[in-house]
Amino acid sequence: MALTPQNSEAFMREVDEAVRQDRLLTYWERYGRLTLAAIILALAAFGGWLYWQHYSKTQSEAVSEKMDAVLTTAAGGGTPDAKELDTLADASQPGYRASALLTKAGLAARKGDSKAAIAAYAAMAADSKLDQPYRDLALIRQTALEFDTLKPQQVVDRLKPLAIEGAPWFGSAGELVALAYVKMNKTDLAGPMFAAMAKDANVPESIRSRARQMAGVMGIDAVEIPTETTEG
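What you see is a predicted model; the values in this text were computed from it and never measured.

**Student:** Hey, could you go over the environment of Leu139 for me, with residue numbers and the actual values?
**Tutor:** Within the secondary structure layout, Leu139 lies in helix H5 (residues 132–146). Distance from Leu139 to Ala126, taken between C-alpha atoms, is 8.8 Å for residues 13 residues apart in sequence. If sequence neighbours within four positions are ignored, Leu139 has contacts with Ala125, Arg158 and Leu159.

**Student:** Tell me about unusual backbone geometry, and name the residues and values.
**Tutor:** Positive phi outside glycine occurs at Asn185, with the angle close to 60°. Relative to the assigned elements, Asn185 resides in the loop between helix H7 (170–183) and helix H8 (187–199).

**Student:** How would you summarise the pattern of salt bridges if you had to cite specific residues and measurements?
**Tutor:** One pass over the full model with this rule turns up three salt bridges. With a closest N to O distance of 2.8 Å, Arg158 and Glu146 form a salt bridge. Taken together, the residues span a long stretch of sequence, with Arg158 in helix H6 (residues 152–159) and Glu146 in helix H5 at a distance of twelve residues. On the basis of relative accessible area, Glu146 is assigned to the buried category, the value being 15%. In this structure, the salt-bridge partner of Glu175 is Arg210, at a minimum N-O distance of 2.6 Å. With Glu175 in helix H7 and Arg210 in helix H9 (residues 205–217), this residue pair connects regions lying 35 residues apart in the sequence. By relative accessible area, Arg210 is classed as partly exposed at 39%.

Quick notes on the rules
Residues numbered from 1 in each chain as written. Predicted model: local features only at pLDDT ≥ 70, side-chain atom pairs only at ≥ 80, totals over all residues. Heavy atoms only, no water. Helix = DSSP H or I, 4+ residues; strand = E, 2+ residues; numbered from the N terminus. Contact = heavy atoms within 4.5 Å. Salt bridge = Lys/Arg side-chain N within 4 Å of Asp/Glu carboxyl O. Buried < 20%, exposed > 50% of the residue type's maximum accessible area, 1.4 Å probe, protein only.

Have a look at this one:
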């Protein structure tokens, strides 16, 4: 008995559906477990990533609070907890680690242990894992502690690259370099540097004040005269 067009079309649909089901069953038998395992691993990885993001944020906030407490204590003249400071000095966050190391070195210097402070600053200056501004600051503080035992030219060689107008540490490095020039009787180099620091608004006021006085001693007027404005 011949199939009518309608029956033939329905029959073909059933055959296609059966073929698709058979292919799907064959695929699942071959690759189903692998596919399921891949899905589970992907979900586990995503869940792990979400957990790590939350954990990192929580840890970062906790470290930030500890660092703030340590700096507040040190700035107030107190002595932060040694274990807490050591923990922060080993923190994975470079900024917190550098701040803790600077604090440890500063505390050693404040206690009069210049040898330990110099060693700590020198280690920071040589640490390539720290950002350059922290390394530069450590080098400046190391040089300040060693200033009286170094030859003036050594001071100049160390810090001249940082004693440039517009550089972040121009005031701190420039003052030491200028004083080294004074010890070398090179007032022709020291005077203009003191004057430049005195007129640089980005240099801390305490350094500007000292630079202004030193420039004046050398006969250089480093006092800025406010510019008067006229109304037309």
